[in-house]
Amino acid sequence: MKRVFVAATLTVLSCLPAIAQPQIDYSKLEIKTTDLGRGVYLLGWQGGDSLILVGDDGVLLVDTSVAPMGDKIKAAIARVSDKPIRLVINTHAHADHFGANEAMAKGGALIVAHVNLRERMAKGQYLAAFNQTIPPSPPAALPTVTYADTMTIHFDGETVQLFHVARAHTDNDTLVHFTRANVIHASGTFGGDGNYPFFDMSSGGSLAGMIAAEERMLSVADDKTRIIADEGDPASSEALKASRDMLATLRVRVQKLIDEGKSEDEAVAAKPTKDFDARWVHQGSFVTGDSMTRLAYQSLKGARVDAK
Ligand SMILES: [Zn+2]
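What counts as what
Residues numbered from 1 in each chain as written. Predicted model: local features only at pLDDT ≥ 70, side-chain atom pairs only at ≥ 80, totals over all residues. Heavy atoms only, no water. Helix = DSSP H or I, 4+ residues; strand = E, 2+ residues; numbered from the N terminus. Rg over C-alpha atoms; globule rule 2.2 N^0.38 Å. Buried < 20%, exposed > 50% of the residue type's maximum accessible area, 1.4 Å probe, protein only. Contact = heavy atoms within 4.5 Å. Lys, Arg positive; Asp, Glu negative; His and termini not counted. Charge placed at Lys NZ, Arg CZ, Asp CG, Glu CD. Axes fitted to C-alpha atoms, helices over the stretch in contact; angles between N-to-C directions. Parallel < 35°, antiparallel > 145°, perpendicular 65-115°, else oblique. Left-handed = near helix turned anticlockwise from the far one by under 90°. Nonpolar A, V, L, I, M, F, W, Y, C, P; charged D, E, K, R; others polar. Core = buried A, V, L, I, M, F, W, Y, C linked by side-chain atoms within 4.5 Å. Pairing = 2+ DSSP bridges. Expected span 1.5 Å × (residues − 1). Polar contact = N/O pair within 3.5 Å; in protein donor to acceptor, adjacent residues only side chain to side chain.

A. Layout of the overall build of the protein. If you tally the helices and strands in the protein, you get ten helices and 15 strands. Against the compact-globule benchmark of 19 Å for 308 residues, the protein has a radius of gyration of 18 Å, which places it among compact chains. Per-residue burial for the protein yields a buried fraction of 56% across its 308 residues. At a minimum sequence separation of 6, the contacts of the protein that also span at least 24 residues come to 66%. A gap of 3 Å separates the mean positions of the 32 positive and 37 negative side-chain charges of the protein.

Right under this line is the structure:
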């Protein structure tokens, strides 16, 4: 039951596959384009963030958004480059990150992702956290190049480093580091500055993996690095460090409550996030202190909600 409660409180998550957000009228959404320098632009819309790298030979796109936004993504790209979209990277297998894959592939783009992402897209998914079924994707939408651990892409003078982090936001996350532009797309492993991050245990995510993912990004970041979360403005590495520290502290606190034999409700009642909520919860935040505690408790208890 508690898991159902967590799911209910999380149904407005930014990375929530768009099919569960029927209230969004995509025809009315605009894409906000932000120049991050060295040919990298942030394409932001309500519900997600994509990145593009624009070069002389073409465009590299990180995350295609939901299918109904595909034309708007293309139009936003066309406003900064008349070159074709040559390469797509999907950061993880939530539908707001791969929904317009087929349209991009039909335009000639090569799609790159973690091997687990391709498998989840091909088989279809049941996301218990959202009580949502995503049907198998058509073959044309699937990544044609997959990797397991790391991959380096050399694209128009930029070195794009892809890192897989195990069981973080999902089991198929790719962190994308534009080394020259000093920009990292965090997949869903970071909530931005001011939001608790979310991990989807039904997609193989875990608290420990989230902490490891944020540490991995910190290991390659400096004080000028811009970190791109699922949604919202770029954040600093300082905000990422604060998120990592918060998660690591929360892990210790919730583990202590578990070791003391506390139930999930008792752990929530103990308010282990109390001193964090002012920074990481604000009006409109998707994850509250209590739901963060439930996620942490369930993850540390190993109460993974497997996909059907
Ligand atoms: Zn997500």
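Here the narrative resumes.
B. Representation of unusual backbone geometry in the model. Of note in this structure, Ser65 is not a glycine but carries a positive phi near 70°. Within the secondary structure, Ser65 is located in the loop between β4 (59-62) and α2 (70-80). We classify Ser65 as buried; its relative accessible area is 0%. Phi is positive for Arg167, which is not a glycine, with a value near 45°.

C. Structural view of the packing of helix α6 (residues 207-220) against helix α7 (residues 237-259). Two elements in contact, α6 and α7, have axes separated by 9 Å at closest approach and are oriented at 150°. Taken together, α6 and α7 sit at an angle that is classed as roughly antiparallel. By crossing handedness, the relation of α6 to α7 is classed as left-handed. Contacts between α6 and α7 involve Leu207, Ala208, Met210, Ile211, Glu214, Glu215, Met217 and Leu218 on the former and, on the latter, Ser237, Leu240, Lys241, Ser243, Arg244, Leu247, Ala248 and Arg251. Looking at the contact of α6 with α7 residue by residue, the class counts come to nine nonpolar, two polar and five charged.

D. Here's a closer look at the nonpolar core. Phe190, Tyr196, Phe199, Met217, Ile227, Leu247 and Met292 are the most contacted members of the largest nonpolar core, which totals 49 residues. For this core, the element with the most residues is α7, which contributes nine residues. If near-sequence neighbours (up to four positions away) are discounted, Phe199 is found in contact with Ala168, His169, Gly205, Ser206, Leu207, Met210, Met292, Leu295, Ala296 and Ser299. If you look at the next biggest cluster of nonpolar residues, it comprises 22 residues, including Ile31, Leu61, Val66 and Ala76.

E. Fine view of the sheet that holds strand β12 (residues 174-178). An order of β10-β11-β12-β13-β14-β15 is seen for the six strands of this open sheet, with the pairing classed as mixed. Sheet topology places β10 (150-155) and β15 (235-236) at the edges, where each strand pairs with a single neighbour. The pairing of β12 with strand β13 (residues 183-185) spans three bridges and is classified as antiparallel. Pairing of Phe178 across the sheet is with Val183, part of β13. Sheet strands in contact with α6 are β10, β11 (158-164), β12, β13 and β14 (226-228), and its direction is about 10° off that of β12.

F. Representation of α6 within the structure. Under the 1.5 Å per step criterion, the end-to-end length of α6 is 21 Å for 14 residues, consistent within 8% with the ideal 20 Å. Against β12, β13, β14, α7 and α10 (289-300) lie the buried residues of α6. Between the side-chain oxygen of the N-cap and the backbone nitrogen of Gly209 there are 3.0 Å, and the N-cap of α6 in question is Ser206.

G. Seen up close, the sheet that holds strand β3 (residues 48-54). The seven strands are arranged β1-β2-β3-β4-β5-β6-β9 in an open sheet whose pairing can be described as mixed. Where the open sheet ends on each side, the last strands, each with one partner, are β1 (32-37) and β9 (145-147). The average angle at which neighbouring strand axes cross in this sheet is 20°, direction not considered. Pairing between strand β6 (residues 110-114) and β9: three bridges, direction parallel. Its bridge partner lying in β9, Ala113 is registered against Thr146. Along the sheet, helix α5 (residues 115-123) contacts β6 and β9; its crossing angle with β6, the most-contacted strand, is approximately 105°.

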